[in-house]
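Listed here are the chains, written in short residue letters.
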Number of protein chains: 4
Amino acid sequence: MSNLMPPAHPFDDDKLKEECGIFGVLGTKEAANFVALGLHALQHRGQEAGGIVSHDPEMGFNSARRFGYVRDNFTSQKVMETLPGPLAIGHVRYSTAGSKGQTAIRDVQPFFGEFAMGGAAIAHNGNITNANALRRELIERGSIFQSSSDSECIIHLMARSLQRNIPERMEDALRRVEGAFSVVAMTRTKLIGVRDPLGVRPLVLGKVGDGWALSSETCALDIIGAEFVREIEPGEMVVISEKYGVQSHFPFRRQPSKFCIFEHVYFSRPDSILGGRSVYETRENIGRELAKESPVEADLVCPVPDSGTPAAIGFSLESGIPYAMGIIRNQYMGRTFIEPTESIRNMGVRLKLNVNRALIKGKRVILVDDSVVRGTTSRKIKEMILDAGAAEVHFRIASPPTAWPCFYGVDTPDRDKLLAATMSEEEMRDHLGVDSLKFISLDGLYRAVGEAKGRDKACPQYCDACFSGEYPVIPADKIDDGFVMKAAE
Amino acid sequence: MSNLMPPAHPFDDDKLKEECGIFGVLGTKEAANFVALGLHALQHRGQEAGGIVSHDPEMGFNSARRFGYVRDNFTSQKVMETLPGPLAIGHVRYSTAGSKGQTAIRDVQPFFGEFAMGGAAIAHNGNITNANALRRELIERGSIFQSSSDSECIIHLMARSLQRNIPERMEDALRRVEGAFSVVAMTRTKLIGVRDPLGVRPLVLGKVGDGWALSSETCALDIIGAEFVREIEPGEMVVISEKYGVQSHFPFRRQPSKFCIFEHVYFSRPDSILGGRSVYETRENIGRELAKESPVEADLVCPVPDSGTPAAIGFSLESGIPYAMGIIRNQYMGRTFIEPTESIRNMGVRLKLNVNRALIKGKRVILVDDSVVRGTTSRKIKEMILDAGAAEVHFRIASPPTAWPCFYGVDTPDRDKLLAATMSEEEMRDHLGVDSLKFISLDGLYRAVGEAKGRDKACPQYCDACFSGEYPVIPADKIDDGFVMKAAE
Amino acid sequence: MSNLMPPAHPFDDDKLKEECGIFGVLGTKEAANFVALGLHALQHRGQEAGGIVSHDPEMGFNSARRFGYVRDNFTSQKVMETLPGPLAIGHVRYSTAGSKGQTAIRDVQPFFGEFAMGGAAIAHNGNITNANALRRELIERGSIFQSSSDSECIIHLMARSLQRNIPERMEDALRRVEGAFSVVAMTRTKLIGVRDPLGVRPLVLGKVGDGWALSSETCALDIIGAEFVREIEPGEMVVISEKYGVQSHFPFRRQPSKFCIFEHVYFSRPDSILGGRSVYETRENIGRELAKESPVEADLVCPVPDSGTPAAIGFSLESGIPYAMGIIRNQYMGRTFIEPTESIRNMGVRLKLNVNRALIKGKRVILVDDSVVRGTTSRKIKEMILDAGAAEVHFRIASPPTAWPCFYGVDTPDRDKLLAATMSEEEMRDHLGVDSLKFISLDGLYRAVGEAKGRDKACPQYCDACFSGEYPVIPADKIDDGFVMKAAE
Amino acid sequence: MSNLMPPAHPFDDDKLKEECGIFGVLGTKEAANFVALGLHALQHRGQEAGGIVSHDPEMGFNSARRFGYVRDNFTSQKVMETLPGPLAIGHVRYSTAGSKGQTAIRDVQPFFGEFAMGGAAIAHNGNITNANALRRELIERGSIFQSSSDSECIIHLMARSLQRNIPERMEDALRRVEGAFSVVAMTRTKLIGVRDPLGVRPLVLGKVGDGWALSSETCALDIIGAEFVREIEPGEMVVISEKYGVQSHFPFRRQPSKFCIFEHVYFSRPDSILGGRSVYETRENIGRELAKESPVEADLVCPVPDSGTPAAIGFSLESGIPYAMGIIRNQYMGRTFIEPTESIRNMGVRLKLNVNRALIKGKRVILVDDSVVRGTTSRKIKEMILDAGAAEVHFRIASPPTAWPCFYGVDTPDRDKLLAATMSEEEMRDHLGVDSLKFISLDGLYRAVGEAKGRDKACPQYCDACFSGEYPVIPADKIDDGFVMKAAE
């Protein structure tokens, strides 16, 4: 089934992309307005589309789902008036595990289901690794799927649960689901938050006036003036109601936690708090570790904007080499061009970045970037820097080589498209044509995020599958599709 | 669940409105193009929205659903390219049995379901009178409804059928359904047509080149150059494939047929063929009967445009009183104004009709209209005619008094809004303020449609519930909602 | 200079097309609302675009100009609020004398100019036959044209006039203009109407409450409830103000009037009054004359909808052959398809017309149409009628052969595209492939419009150049472009 | 005259805003594509609307003008195909000197005029200080203005010039114009660039392949791969043709140059080159000067993003206090919300900025911003920083107090809205509620831009009227409107 939307947001097309941000509010006037603001603050987690469902005692459930940015869709009086009530949840999405190529509006979350005991809406961040099998089973039993999204399985599992209330049906459903998931859901009176037993994706609790908020990140609590209370724990389900407040359950079998280390490196916003510390400081630390591990003589430390900035500052502070903005980003390049002419398509990275020629000329430049995925952008940036007359170009990367795809809710290219899957560090240096190229070590990264002794090889403290190939959950659907896991060592 | 579409098509807001038109094609190149043309010819049966699903062996199922006219949505290269393949079905809808007030795009048919043995799409014209009960039952068993449309029940019943192929699942599903339905459906290789056992709604079969077409009316066969083969019989299911051609089944218990007599009066296009005769001629006959039953001396016979035209011609031919266009319709008034200013809202019927003042002045005028529903338009037209200086105004109505709502796929006001439900013919004449008002008798109408002996009181040859209050299928949902049937005499 | 609008309104592409309708109101609340309604009633005179300028003592001049129908653009509260004040004029346009192929929004009237003594807006129906020369002269003097419309000359001539008030500047300007023009204009306090000395295009005066209206036709007075006062006379200028009421001037040299006879045949709406009689009755008369001039034995008289209807009724009344709707028009075909697929482009007339097959079969049919221009539609209609099994087809045309282009504000094909310019009546009959083809005679047409003695050959009472080739104003620009006039006899 | 566009771009509503960017290309294939790219790189100079005119020997002049960003309007194949040819110019605009409040599309440049010797298009950056008088004079002579833009005067003056070719007519016209202007214009074969005698606004010349480019800034040469040749000199007119290359004229009386010093502070992009040095370095210098002039003990130096960044880096480098991103900008906040709900309107700066709470807490923070205009944003940022628990807040501003409005092409509030016009530095510190507030001195700013001896009081090297109140051109229109100049000392 198709639609005619242009493919969404190829901006930063050489980055891994978080697939989703989720947000919910209970117990305030105009809850949907708060959700819209929260989603705006989480827009970096998904730019393709967004949706909000609200509930009002008189008006019942209402929803709006749109392609495009939150600020363009969920801010007008006209739209927001259609979403009344003190309870609302929302979702911004990037894509992948859904329709190939193009997304239909029916793939945009939250999903809604009418059960015998009332309706429920659900928004999901993560990826279900046994979705194909679940979907087949559900269709055989007579479920009709509205969308091509794997997340819809959850609502069908809930519809078929034998439990009598919605939170218990959700427990039932999530126990059948494998993979990574943070979920924000709502019934007519309850706001529900769940993290999978490994806690791969983030989810935090906030207090806003007399009400409560759930959010992927703390930066979205800030925008609505909510106080950050705590992170939802791995394997925890919180059921929040105006009557009983926050009730906590642990419906899953306990497992060692495996939070996604890439949230620290790139996905989360620098002003969010993870593990009690600002993400910005962690990234500055990564830059400092990188400067210790891989020093080099140079005139300037320049970030690849904007994501390389905190690590570049850290590198400069540690090395004493002056920090400078050698590459300037065009701030009007938020989205890509629609149906571009051939000549524009060929411009590539020049449309969003320009080298500060007069500054760079004759200088030895350290470029700090957060990651190398396909390497296509890195190559173009190097060319621009050399064209501008730089004497030397040294790349320093604030993450280890990305050699394995993520199956837990992040959009990664196939393995053979990952530069680090097919080349050694030296080969990559030659391929990119730079004077030096160094990645932070896996241990260095663990130290930077606060693990003083580095990575625990026996039981790593984080999910680092994209670097290590060690997947904490077997990606069953992908193995069916032919993916070959790393041989145990 | 809401959306933000403007309320649809209030043009002719004092008419009964057919809810749907359906069309399907198998075995031609670009089947979806033919379906678009067919739906364009059936646009009078539903103007709010339309949808097409096609299937191509390589591209699978594709669909497009849009608010607005077929000509504005399903004619561009860009849209039609997304609907490839030799098999397609489509639907135009008016509304009612769906979301209150506003329709969401997800209520627009055809509905699609993926079953274990493959996908199927279905388009429905009619109304399911036990939909509430079916829906409750299906939700209790774990079905999740995508829409607020009753027609979706059919696809969920199919999903749960124990039969192994789709046509048999459809038989299974339709045996649970009460009410009026003509259905056009498709699998990957088959085009399917069904009429309910009473045959309330029309459905015809056509031959187009080497392929086949199913349509609500013959006028839509004409537009694609298809030959009219025959009507699908009441209670018949035809399963059409390229391999086996047309196969006919009769899955339901046999009942006396009850075709909707109002299709003759108003719904069907005058150039369609019903019962072997052009609808136009039937309407001319109604006018002749009316002239015989209720003659009056006058100078001119004028139709209320456009639906009163054939009966007015018949009245003129029978009475010898000259036919004239005393009321002119503004041809640019296809749809109503969106968000109109107050002063425009008050213009009412003047925006679409104007009296031919110089012609009418001083004349005794017979106005022929097809029906009187609320009577609001009739009153305004009478005022315009008198303002223009007519000496006398005589209304002649080409149908009996409409005193009962339809529950079989037609949008009628509640009973207390029907003028004829609360007033006698004399009271209506006084209410409208005309010199005389006469409706055709029920027997006269039966004679005009070809029943020489008039209506068979014991077992009427048509469904005439809107005139007689005798409902051939018990409207179970409506009775639950408080509707009181006419006491048996 | 280009824009990207789709080509406008090819519906009825085998008709002559009036280019413009004009309307103005002074002395009412919300004058722009009345203008919008008036333009809606004049939409048949121009469907491509429309514009309104209003003036409010506090808010000054405001304007809105849009492509598309009046009802889609000038009815929402949001737009109409931007057009406050008691004085407004408006314009609907078809096109031609402007940008080739595509029209830019800047070509949409009314045109506005700021003069030293205040602003003025002007709307023009007609065509300036010396526009090229005027434009050249004005550019040489330093005028900068905003549009490619010839009508803009008028406002530049006004800007350069040595007169001190706007009505006198307009007189000055119009004395330089050759051709056909009816003009509605406004200053801050005055509503102005002018007809050229020949009175080729219509313009009427109405009274609405305490205010006044000017309109191309009386049907637009009806819609706002205005009383028809009188026609503006050929060569008359009326200057209307709240203070002095209607003041009449005759600034031009007196000439015999030459009203466009085709307004009676096709352009004006049947419910408008021209020469004291309804246009409908005139057309019925034409049908009667035609029946007298060219009788034929047949079973049915059918109009080519909708413009052939009144003449067909007249033909039926005179001949006694029953009138019937043998061809049905699809009422949802108001505009053409945008970017149509190839297969739809080939459908042609079938998209808007369908033959009433069951009625026509085996019958001898008289088809009455208003005119034959290129003949392309007539041919297709004949084919449809024969396909449906008609025994004989006789064409009767309610105007003489159209053999010459109009240069006075009507969109006609080049002369070599006019069927009657290259063929005799017999050749046309053979070309169309019908059993007989007869046009009304020029004398018959004059009789039908009320000239009992027929056409005055020495000094025809109407402009009938499209039939006779006798042009009352030399088309100077066209002769420059190579047009050859008929040799004097 | 009105239109219905939403008010444009209130993002950064507490900044001075450059009004325009201009760009032109001659002698390349698809010149309009290059112009689109150049305008995209100049988008920071004007976000409200943009326009391009191109000329092709066969297709003549074509234009497209649109509201919104370049990337959303001038990148699709469909639009760019309408702008063929080897010669094109373009314009992006912010607004002010045009329609009050809302801009109509007819106010969007380039302006086009057809003269007796051919057409010309013109794009203007700056402001004409005697526009009112010129406009009055032109209207009295019979010119009709298309727009409310002052820049249109130039084209009408050209239309009335007695000179025989377009470049000479432009000289004639510009000699009548007072104020600041950089102009890019084109005829059928020539690309023309002019700067006013004071050289207030920038304009640079580039070489692209065999062709030439003119641009407001060098950053737009970079994006099309053009080589920066030189700045156009104050008072210079260059006429560029394929035949004769670049020909330079000096049509105006020589005056000491007065380049806008605020281009260094804020308007120009940091990667542009001004006076032989990158703007980025100049701004870093300003930060260094500021650290020398107004040191303070603190823990962190943080920029107010994004414009305060280079000066903050300079301040950190000079002071040795670590640089950190204490305030994070939401990168999805490119434009403001359309028709925002009340609650969103109240969010203000929070929608685009968030404090890095975990980083700031308990720290003494130096905030570096480029300027203080109304002071509203500064106050909100201070509150956010204190809410986040900062121990001290010290503001350092990279420009002197902005106490006077600009009349040379920059959008500034009225004088009484400028914080520095009504308060001393101490009063501003108290008003903003910060621990300290220091602006760079005027001499310090001159040193930072490269004038080692500081400002020449007798004849300042730059236009610094916004700081000093010393206007190099008398703002005649403004004085007519009541503006009072600073008394000579």
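Values in this document were obtained by computation on a predicted structure and should not be read as measured data. (Residues numbered from 1 in each chain as written. Chains lettered and ligands numbered in written order. Predicted model: local features only at pLDDT ≥ 70, side-chain atom pairs only at ≥ 80, totals over all residues. Heavy atoms only, no water.)

**Concerning the overall build of chain A**
Working step 1: Scanning chain A for helices and strands turns up 18 helices and 25 strands.
Working step 2: For chain A, whose C-alpha radius of gyration is 23 Å, the value lies close to the compact-globule estimate of 23 Å for 489 residues.
Working step 3: Projected onto its principal axes, the C-alpha positions of chain A cover 70 × 55 × 45 Å.
Working step 4: Evaluated residue by residue, chain A yields a buried proportion of 65% over its 489 residues.
Working step 5: For chain A, the share of sequence-separated contacts (at least 6 apart) that also reach a separation of at least 24 residues comes to 68%.
Working step 6: For chain A, the exposed area adds up to about 17000 Å²; of that, 48% sits on carbon and sulfur atoms.
Working step 7: Between the averaged position of the 58 positive side-chain charges in chain A and that of its 64 negative side-chain charges there is a distance of 1 Å. (Helix = DSSP H or I, 4+ residues; strand = E, 2+ residues; numbered from the N terminus. Rg over C-alpha atoms; globule rule 2.2 N^0.38 Å. Buried < 20%, exposed > 50% of the residue type's maximum accessible area, 1.4 Å probe, protein only. Contact = heavy atoms within 4.5 Å. Areas by Shrake-Rupley, 256 points an atom, 1.4 Å probe, with all protein chains shown as cover. Lys, Arg positive; Asp, Glu negative; His and termini not counted. Charge placed at Lys NZ, Arg CZ, Asp CG, Glu CD.)

**Some words on unusual backbone geometry**
Working step 1: A:Pro110 follows A:Gln109 through a cis peptide bond whose omega is 0°.
Working step 2: Mapped onto the elements of the fold, A:Pro110 is located in the loop between strand E5 (87–93) and strand E6 (111–115).
Working step 3: A cis amide bond, omega -10°, links B:Pro305 with the succeeding residue B:Asp306.
Working step 4: Here B:Asp306 is to be found in the loop between strand E18 (300–303) and helix H10 (309–319).
Working step 5: The residue A:Glu30 is not glycine, and still its phi comes out positive at about 50°.
Working step 6: Turning to its location among the elements, A:Glu30 is positioned in the loop between strand E2 (20–26) and helix H1 (31–41).

**As for the arrangement of the chains**
Working step 1: In this structure chain A stays clear of chain C, and the shortest span between their C-alpha atoms is 14 Å.
Working step 2: No interface is formed between chain B and chain D, the nearest pair of C-alpha atoms being 14 Å apart.

**Here's the deal with the interface of chain C and chain B**
Working step 1: If you look at the interface, chain C gives 61 residues, while chain B gives 61 residues.
Working step 2: When the two sides are added together, the surface that chain C and chain B hide from each other amounts to roughly 5200 Å², 59% of it contributed by carbon and sulfur.
Working step 3: Across the chain C-chain B interface, the total number found is zero salt bridges.
Working step 4: Where chain C touches chain B, the interface holds 18 residue pairs in polar contact (both at pLDDT 80 or more). (Buried area = accessible area lost by both parts, 1.4 Å probe. Salt bridge = Lys/Arg side-chain N within 4 Å of Asp/Glu carboxyl O. Polar contact = N/O pair within 3.5 Å; in protein donor to acceptor, adjacent residues only side chain to side chain.)

**Regarding the relation of the copies chain C and chain B**
Working step 1: Placing chain C over chain B gives an RMSD of 0.1 Å and needs a rotation angle of 180°, together with 0.0 Å of translation along the axis. Considering both components of the superposition, the chain copies are consistent with a two-fold axis.
Working step 2: In this assembly, 100% of the residues forming the interface of chain C have copies in chain B that are likewise at the interface, indicating an isologous arrangement. (Least-squares fit on C-alpha atoms with pLDDT ≥ 70 in both.)

**Description of the domain arrangement of chain A**
Residues and elements named next belong to chain A.
Working step 1: Structurally, chain A comprises domain 1 (17–258) and domain 2 (278–330 + 345–455).
Working step 2: Look at where the C-alpha atoms of domain 1 and domain 2 centre, and you get two points 35 Å apart.
Working step 3: Counting residues at the interface gives eleven residues for domain 1, matched by six residues for domain 2.
Working step 4: When domain 1 packs against domain 2, close to 690 Å² is buried across both sides, 52% of that on carbon and sulfur atoms.
Working step 5: Put simply, domain 1 and domain 2 have zero salt bridges between them.
Working step 6: Summed over the shared surface of domain 1 and domain 2, the result is two residue pairs in polar contact (both at pLDDT 80 or more).
Working step 7: Looking at the side of domain 1 that touches domain 2 residue by residue, the classes come out as three nonpolar, four polar and four charged. (Domains from an automatic or database assignment. Nonpolar A, V, L, I, M, F, W, Y, C, P; charged D, E, K, R; others polar.)

**What about the UniProt feature "binding site: Mg(2+)" (unreviewed entry) in chain A?**
Residue and element names in this part refer to chain A.
Working step 1: In this numbering, the UniProt entry assigns the feature "binding site: Mg(2+)" (unreviewed entry) to Ser-307, Asp-369 and Asp-370. These residues run over 64 residues, yet every pair of their C-alpha atoms falls within 7.0 Å of each other.
Working step 2: Note on placement: Ser-307 falls in the loop between strand E18 (300–303) and helix H10 (309–319).
Working step 3: Classification of Ser-307 by relative accessible area gives partly exposed; the value is 21%.
Working step 4: Once you skip the residues sitting within four places of it in the chain, Ser-307 turns out to touch Lys-15, Tyr-266, Asp-369 and Asp-370.
Working step 5: Here Asp-370 shows up in the loop between strand E21 (364–369) and helix H13 (376–387).
Working step 6: Overall, the relative accessible area of 2% leaves Asp-370 in the buried class.
Working step 7: At 2.6 Å, the side chain of Asp-370 forms a polar contact with the side chain of Ser-307. (UniProt positions renumbered as here; feature names shortened; annotations may be inferred.)

**Let's talk about the sheet that holds strand E6 (residues 111–115) of chain C**
All names here are of chain C.
Working step 1: The strand order across the open sheet formed by six strands is E6-E7-E8-E9-E13-E14, and the pairing between neighbours is antiparallel. Both outer strands of the open sheet, E6 and strand E14 (245–249), are each paired with one neighbouring strand and no more. Pairs of neighbouring strands in the sheet enclose a mean axial angle of 20°, with direction left out of account.
Working step 2: Sheet analysis places E6 next to strand E7 (residues 118–128), joined by five bridges and oriented antiparallel. (Pairing = 2+ DSSP bridges. Axes fitted to C-alpha atoms, helices over the stretch in contact; angles between N-to-C directions.)

**Some words on the packing of helix H5 (residues 152–160) of chain A against helix H6 (residues 166–176) of chain A**
All names here are of chain A.
Working step 1: At their nearest, the axes of H5 and H6 sit 8 Å apart, and the two run at 120° to each other. With respect to their mutual orientation, H5 and H6 come out oblique. Viewed along their axes, H5 and H6 form a crossing whose handedness is right-handed. Taken together, the residues of H6 that come into contact with H5 (itself represented by Ile-154, Leu-157, Met-158 and Ala-159) are Ile-166, Arg-169, Met-170, Ala-173, Leu-174 and Arg-176.
Working step 2: Counted by class, the contact of H5 with H6 contains eight nonpolar, no polar and two charged residues. (Parallel < 35°, antiparallel > 145°, perpendicular 65-115°, else oblique. Left-handed = near helix turned anticlockwise from the far one by under 90°.)

**Considerations on the side chain of A:Asp107**
Residues and elements named next belong to chain A.
Working step 1: Tracing the sequence through the fold places Asp-107 in the loop between E5 and E6.
Working step 2: Of the side chains with opposite charge, Arg-106 lies nearest to the buried Asp-107, which makes no salt bridge, at 4.6 Å.
Working step 3: At a separation of 2.7 Å, a polar atom in the side chain of Asp-107 contacts the main-chain amide nitrogen of Ser-148.

**Side note on the sheet that holds strand E22 (residues 392–397) of chain C**
Residue and element names in this part refer to chain C.
Working step 1: Taken together, four strands build an open sheet; the order of strands is E18-E21-E22-E24 and the sheet is parallel. On the outer flanks of this sheet lie strand E18 (300–303) and strand E24 (436–439), each paired with one strand and no other. When strand polarity is set aside, the average angle formed by the axes of neighbouring strands in this sheet is 20°.
Working step 2: Strand contacts of helix H10 (residues 309–319): E18, strand E21 (364–369) and E22, with the helix running at about 165° to E18, the strand carrying the most contacts.

**Quick look at helix H9 (residues 279–293) of chain A**
Helical geometry note: an α-helix holds 3.6 residues per turn, so side chains three or four residues apart project in the same direction.
Working step 1: Counted at 1.5 Å a residue, the expected span for H9(A) with its 15 residues is 21 Å, and the 21 Å between its end C-alpha atoms agrees.
Working step 2: Of the residues making up H9(A), those classed as buried are A:Val279, A:Tyr280, A:Thr282, A:Arg283, A:Glu284, A:Ile286, A:Gly287, A:Glu289, A:Leu290 and A:Ala291. (Expected span 1.5 Å × (residues − 1).)

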